[in-house]
Amino acid sequence: MAYGPHTPADREQMLAALGMDSVDDLFADIPERLRSSPLRLDPPEPEQLLMNRLAGLAGRNRVDLASFLGAGAYRHFSPPLVDQILLRGEWYTAYTPYQPEVSQGTLQSIYEYESLIAELLGLDVVSASHYDGAAATAEGALMTCRATQRGRVLVSRGVHPHYRDVLRTYFHGAGLHIEEIPLVGEGPTAGTTDLAELERRLGDTEHPVAGVVVAQPNFFGLLEPMADASNLAHAAGAQLVAVVEPVSLAVLAPPGAYGADIAAGEGQALGIPPQYGGPYLGILACTDPLVRQIPGRLVGMTTDVDGKRAYVMTLQAREQHIRREKAASNICTNQTLLALAASLWLAALGPHGLRDVAALGAARAAELEAALASVGVARVHAGAYLNEFAVRVPDAASVHNELLGRGVLAGLVLADAVPDEPGLADALLVCTTEVTTGDDIATFARELGAVLAESGAAAKAGQPVGARA
Amino acid sequence: MVPSDLRYTKDHEWVRVEGETATIGVTDFAAGQLGDVVFVDLPVVGRSVDQFATFGVVESVKAVSDLYAPVSGEVVDVNGNLATKPELVNSDPFGEGWMIRVEIGDAAQLGELLDAAAYEKLTAEA
Amino acid sequence: MSASGPRLQPTLFELSKTGRGGDKVPHPPRDALDRLPPEQRRVQPAALPEVNEPEAVRHFVNLSQLNHAVDTGFYPLGSCTMKWNPKVNEWAARQPGFAQLHPMAPDAVAQGTLQLLWELEQMLIEISGMRAVTLQPAAGAHGELTGILMVRAYHASRGDTGRTEVLVPDSAHGTNPATATMAGLRTVSIKAAADGGIDLDAFQAALGPQTAAIMITNPSTMGLFESRVGELLDAVHAAGALAYMDGANLNAILGRFKPGEAGFDVMHINTHKTFSTPHGGGGPGAGPVAVGEKLEPFLPAPRVVREDGGTFRLERVGERPTSIGRMRSFVGSTGVLVRAYAYLRTHGASGLAEITDDAVLAANYLKDRLADSGLYDIPFPGVCKHEFIASATSIKRKTGVRTLDIAKRLLDHGFHAPTVYFPLTVDEAMLIEPTETESVETLDAFADALIAIAREAEVDPEIVKTAPHTAPVRRLDEAGAARNPNLRWRAAVGDWTPCPD
């Protein structure tokens, strides 16, 4: 066995000590009728061949494209120090700091993570981490139900469709009610949460609302009127859950500034590679009065018996291993190593670097908007955005596919991601960050212009546009 | 030795009756079993509690325990000091560590509680 | 621990000095943010620390050296399976083709990862004896919730809406009852039989038309194979309920017991336990869920689909209406799953069987060494699986030294402590899981340390009760931490620097 230490003599010695002839004797307690068929799997693979196999699989993915895809996962520059520190075995091969005296590294790193994120969010209490932005959002929404003793939550359709799916799954399970607030259809605020509809639903005093969930920026990259949403929610006795993108908080008003009670979000952008969906970092935070409602681990600063500063997991009586069926959540394993990655990335960049990253993404987005406009492609919505926006492209799915063949990943086909959202049948969601180059933008505009010109000609000739792969 | 003038539940709450009012807390045995108490969650004044139903929760570092009302009645006072000094439950469980006062709804319920001797016997067996 | 001794660190915030660090990314044009509406802009910058690279690196390297880890020493934490984390797995997950792939990338450019995920599903199907697998859940508890939500959906699909209870043994992980609550079901706790196993009569008495599922950990949290589980499964299915297996202890049964073959309907697998993906100081993990045919229609979306031509794709939005929906964003913790895949390929059928044989052999060897010492109580002295319970009840009676003290004293011997005070059903419990990757020399040294501590307790109990003595810090004021929580660093006013513009 690949990593096993035992020589045949070791095994014999151990069996002899047990007074047994065969290791099979150790499995005599499995009744005959329950014993399994042999494993039908391939034979063991030596490391060298395994590496060839894995390199081959990795090579079948295309990561060399000029990419404008965001939609909840963002590519950012990560200074090499981040991954070099993450590769220290003292970090990644430790477990939950159950013995704080020999886990001060992990504990202090979590405390620092909580502090860094609290600064970014303008909130007091930050959980040690949740699975991802979607699960954190669901937990945040459930918190509002516990805190208000109400069972109805309103979620804006500007929240990422995956997050809304997860909210539905969790709420259905818990027997709670979730309902969606539509987006404004037209005009200068098109694509943002319909505040009039939000106010109307909040006014249904028969079914009082526990929480309102709004994303900033929203799924379509638009800036939402968070302060207004917050005021409306609070006027109805409900709480606001702000779903935020942490890099944007370098330049956008933080949840604490507009009165959010809870903030949730995806921390992947803080130095964690996209890696096809995870492991990511669920950020969940709240104001001080809600500290006993927040699920997941919390680390606090304390002292040891000699008065030395030290760190420890605290307020554990909220958690499943103590409160069992009455716990706030069943979460146990979390995303501690990803929280460390986020701290490392924030430490490496510093406050000014973080602001530069956010501002560069915005600057590139403005360049992209202009470049696309030059080939006749305009935005879908009129409102302000930071670094992601939707554009109108005729026959978007086919054009997207055609561009793939030309080395451009032209963002997200919105009709695939949110098929039930009106008015987005021919739209792409595109995004830039500081790693987007001027060449990428030029290539995208040039190829898009060419594809549209060809398809225009093809459409006139009654031909279908570039077939799907 | 537990105070002889109190009545007790099998769940380790005590009750001190003064006229129509019952003061309720947990015993030193309960406090010892829990360890360092770090948080006490109590009902608001005006709420009703039912005999042997939960009226709150007490948390220590690594344990949590429901609090059971020895008698039914309306909560007329809550020990606000416990919000900032939960350790009073450990240091003075029968005194400053009291939790709530209720206006007794049915004095006959007191007959269902243990006296000091019976309670001591219970804890000696635990 | 570092050879030069523990290096307690100030916080990152205390290292900060205005003007340090920077130049990692280019500066944006001055007008980059001019289009943001003023009311949406951040007024006061976040007071994040300003440190330069050498300081940041030293801070985190010194912090790391305060940790005990599998890479530094023995970590016999019961029910956590702290086995070796192979280095090739880290290499694999960092291959740019895997690491840089966007989760919404079109299927056509994600074929390598999709194939890997599909093959991993097939391997887990074989190991579990089930019919289908979802790789979406992010951790074991997340897998539990996925499984129980599918159970609910199954009963609902049959119009069987009166099933509101989940039966859970009292020795179960706290996640089991907490999961039932999250799924809107009520937990009924069932006491174990005298031999530590399932009390079949108690279960049968509790089973009925109101039972949605049972949740069983097998081997149990006492390290025992549930020999009566066959009869229990018969009774559960006769009652119309479903059977969930908590796969936390899968390391003990690879190739010996396939839950699906035995009749379980659903189970989760902790890749961070059985399949060596690193625990990361508390996470990430991954909690794939395997199901039999009854629950397959309800699996979370999207699944990985293999097309006839041998290409792979993800299910489209709304493609399978019977699904319980999503449990998280995107496909799953793919980076973790790449590591699990590498581990499974490395071992193959014969290697996996050896893992279980060696893990069980090591646990029994260690258990017998402690039993032979006569110092520790071994409540279940028969054959154990990959872990076992020792108890300090007798030591406590004789010396006043408790399990907690012994756990702390083990730290002075350079070992991590076992899981302590779990399961809750055993007095002064220590749950010890050595795993298959520890040598007989390490097992002997650990047994010797436990024996030495028990003897030390008899002659000098104070030194045990005040342990650890050589760790970076001594025992902590946990009560103070909980009474007055300090959960974040608060920068002093004026600590932040205004933006240059």
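Tell me about the overall build of chain A, and please be specific about residues and values.
Across its full length, chain A carries 14 helices and 14 strands. Each of the three principal axes of chain A carries a C-alpha extent, and together these read 85 × 55 × 50 Å. By the burial criterion, 63% of the 469 residues in chain A qualify as buried. Partitioning the contacts of chain A with sequence separation of at least 6, the portion at a separation of at least 24 is 72%.

Break down the overall build of chain C for me, with residues and values.
Each helix and strand counted, chain C has 17 helices and twelve strands in total. At 26 Å, chain C has a C-alpha radius of gyration in line with the 23 Å of a compact globule built from 501 residues. Dimensions of chain C along its principal axes, counting C-alpha atoms only, are 75 × 70 × 45 Å. Counting across all 501 residues of chain C, residues that qualify as buried make up 60%.

With reference to specific residues and values, describe the interface of chain C and chain B.
Facing four residues of chain C, the contacting portion of chain B comprises six residues. When the residues that make up the side of chain C that touches chain B are grouped by side-chain class, the tally is two nonpolar, no polar and two charged.

Account for the environment of Ala183(C), with residues named and values stated.
Looking at the element boundaries, Ala183(C) is found in the loop between α7 (175-182) and β3 (186-190). Separated by 31 residues in the primary sequence, Ala183(C) and Arg152(C) place their C-alpha atoms 8.0 Å from one another. For Ala183(C), the residues in contact, after removing those within four places along its chain, are Gly173(A), Leu145(C), Ile148(C), Leu149(C) and Arg152(C).

Can you lay out the domain arrangement of chain C for me, pointing to particular residues and giving the numbers?
Each domain of chain C was delimited in the assignment, giving domain 1 (12-64), domain 2 (88-345) and domain 3 (356-483). For domain 1 of chain C and domain 2 of chain C, the distance between their C-alpha centroids amounts to 42 Å.

An account of the sheet that holds strand β8 (residues 282-286) of chain A is requested, with residue identities and associated values reported.
Residues and elements named next belong to chain A. As summarised here, the arrangement of the seven strands in space is β2-β8-β7-β6-β5-β3-β4, forming an open sheet in which the pairing is mixed. For this open sheet the edge positions go to β2 (125-126) and β4 (177-181), each flanked by a neighbour on one side alone. As paired elements, strand β3 (residues 152-156) and strand β5 (residues 211-216) share three bridges and run parallel to each other. Its bridge partner being in β5, Val-153 is matched across the sheet by Gly-211. The strands touched by helix α6 (residues 133-148) are β3, β5, β6 (239-244), β7 (262-266) and β8; relative to β7, the strand with the most contacts, the crossing angle is about 165°.

Go over the pairing of strand β11 (residues 388-392) of chain A, please, and point to the residues and values.
Residues and elements named next belong to chain A. Along β11, four of the five residues are buried, which leaves the element largely enclosed by surrounding structure. As paired elements, β11 and strand β14 (residues 427-431) share five bridges and run antiparallel to each other. The residue of β14 that forms the bridge with Arg-392 is Ala-427.

Let's hear about the nonpolar core: which residues, and what values?
Core analysis: the biggest nonpolar cluster contains 364 residues, and Val212(A), Ala285(A), Leu428(A), Ala213(C) and Tyr244(C) have the highest contact counts within it. Residue contributions to this core peak at 23 residues, all from helix α11 (residues 336-373) of chain A.

So what about the pairing of β14(A)? Which residues, and what values?
On a regular strand, each side chain points to the face opposite its neighbour's, so the side chains alternate between the two faces of the sheet. Residue and element names in this part refer to chain A. Across the five residues that make up β14, a large majority, five, are buried. Pairing of strand β13 (residues 412-413) with β14, which is carried by two bridges, proceeds in the antiparallel orientation. Bridge pairing links Leu-412 to Leu-429 in β14.

So what's going on with the interface of chain A and chain C? Which residues, and what values?
Across the contact, 173 residues belong to chain A and 178 residues belong to chain C. Take the side of chain A that touches chain C: its biggest share by element is 22 residues, from α11(A). A class-by-class count of the residues in the side of chain A that touches chain C yields 96 nonpolar, 45 polar and 32 charged.

Break down unusual backbone geometry for me, with residues and values.
Cis geometry is found at the peptide bond from Asn218(C) to Pro219(C), where omega equals -5°. As for its position among the elements, Pro219(C) is in the loop between β4 (211-217) and α9 (229-238). That bond from Gly283(C) to Pro284(C) is cis: its omega, 15°, falls within 30 degrees of zero. Positive phi, close to 50°, is recorded for Leu315(A), a residue that is not glycine. Within the secondary structure, Leu315(A) sits in the loop between β10 (309-313) and α10 (320-323). Residue classification places Leu315(A) among the buried positions, given that 22 C-beta atoms sit within 10 Å. Backbone geometry at Phe52(B) places phi at a positive 65°, although glycine is not the residue there. With respect to the element layout, Phe52(B) can be found in the loop between β5 (48-49) and β6 (54-60).

Break down the domain arrangement of chain A for me, citing the residues and quoting the values.
All names here are of chain A. According to the domain assignment, chain A contains domain 1 (66-72 + 350-460) and domain 2 (80-345). Each partner contributes to the interface: domain 1 provides 22 residues, whereas domain 2 provides 22 residues. At the level of elements, α11 and β11 are the ones that each hand at least two residues to the side of domain 1 that touches domain 2. Ranked by residue count, the leading element in the side of domain 1 that touches domain 2 is α11, at five residues. Here the residues of the side of domain 1 that touches domain 2 are counted per class, giving 15 nonpolar, four polar and three charged.

Could you give an account of the sheet that holds β6(B), naming the residues involved and the relevant values?
Residue and element names in this part refer to chain B. Ordered by their spatial adjacency, three strands build an open sheet running β4-β6-β7, and the pairing between neighbours is antiparallel. Of all the strands in the sheet, the pair left with one neighbour each is β4 (37-41) and β7 (64-68). Neighbour-to-neighbour, the strand axes of this sheet turn through a mean angle of 25°, independent of strand direction. Judged from the five bridges that link them, β6 and β7 form a sheet pairing that is antiparallel. Within the sheet, the bridge partner assigned to Thr-54 lies in β7 and is Tyr-68.

Explain the packing of helix α12 (residues 334-373) of chain C against helix α15 (residues 440-459) of chain C to me, and be specific about the residues and the numbers.
Residue and element names in this part refer to chain C. Running from N to C, α12 and α15 point in directions that differ by 30°, and their axes come no closer than 10 Å. By the angle between their directions, the pair α12 and α15 is classed as roughly parallel. As α12 runs across α15, the sense of the crossing is right-handed. Of the residues in α15, those touching α12 at Ala-362, Tyr-365, Leu-366, Arg-369, Leu-370 and Ser-373 are Leu-443, Phe-446, Ala-447, Leu-450 and Ile-451.

Now, about α6(A): what can you tell me, with residues and values included?
Residues and elements named next belong to chain A. In this model α6 runs 23 Å from its N-terminal to its C-terminal C-alpha over 16 residues, within 8% of the 22 Å that 1.5 Å per residue would give. Counting buried positions along α6 gives 13 out of 16 residues, so the element sits mostly inside the fold. Gln-149 lies just past α6 and shows a positive phi near 55°.

Explain the packing of helix α8 (residues 195-202) of chain A against helix α9 (residues 226-235) of chain A to me, using residue names and the numbers behind them.
Residues and elements named next belong to chain A. In the contact formed by α8 and α9, the axes pass within 10 Å of each other and the chain directions differ by 10°. When the axis of α8 is compared with that of α9, the two are roughly parallel. As α8 packs across α9, the resulting crossing turns out to be right-handed. Residues Leu-195, Leu-198, Glu-199 and Leu-202 of α8 form the contact with α9, whose participating residues are Asp-228, Ala-229, Leu-232 and Ala-233. Of the residues that constitute the contact of α8 with α9, the class distribution is six nonpolar, no polar and two charged.

I'd like a rundown of the environment of Ser276(C), residues and numbers included.
Residues and elements named next belong to chain C. Residue placement: Ser-276 occurs in the loop between α11 (271-274) and β7 (289-291). Accessibility expressed as a C-beta count within 10 Å gives 28 for Ser-276, which makes it buried. For the pair Ser-276 and Asn-251, spaced 25 residues apart in the sequence, the C-alpha separation amounts to 10 Å.

Break down the environment of Val45(B) for me, citing the residues and quoting the values.
Residue and element names in this part refer to chain B. With respect to the element layout, Val-45 can be found in the loop between β4 and β5. With 57 residues separating them in the primary sequence, Val-45 and Val-102 have C-alpha atoms 9.0 Å apart. What Val-45 contacts, discounting residues up to four positions off in sequence, is Val-75, Val-76, Asp-77 and Val-78.

Now, about the confidence of the model for chain C: what can you tell me, with residues and values included?
All names here are of chain C. Residues with a pLDDT of 70 or more make up 97% of chain C, whose mean pLDDT is 95. Scored below 50 in pLDDT, residues 493-501 makes eleven contacts in the model with residues more than four places away or belonging to other chains. Here the predicted complex carries an ipTM of 0.97, next to a pTM of 0.96.

What counts as what
Residues numbered from 1 in each chain as written. Chains lettered and ligands numbered in written order. Predicted model: local features only at pLDDT ≥ 70, side-chain atom pairs only at ≥ 80, totals over all residues. Helix = DSSP H or I, 4+ residues; strand = E, 2+ residues; numbered from the N terminus. Buried ≥ 20, exposed ≤ 12 C-beta atoms within 10 Å, placed from the backbone. Contact = placed C-beta atoms within 7 Å. Rg over C-alpha atoms; globule rule 2.2 N^0.38 Å. Nonpolar A, V, L, I, M, F, W, Y, C, P; charged D, E, K, R; others polar. Domains from an automatic or database assignment. Pairing = 2+ DSSP bridges. Axes fitted to C-alpha atoms, helices over the stretch in contact; angles between N-to-C directions. Core = buried A, V, L, I, M, F, W, Y, C linked by C-beta atoms within 7 Å. Parallel < 35°, antiparallel > 145°, perpendicular 65-115°, else oblique. Left-handed = near helix turned anticlockwise from the far one by under 90°. Expected span 1.5 Å × (residues − 1). pLDDT = per-residue confidence, 0-100.

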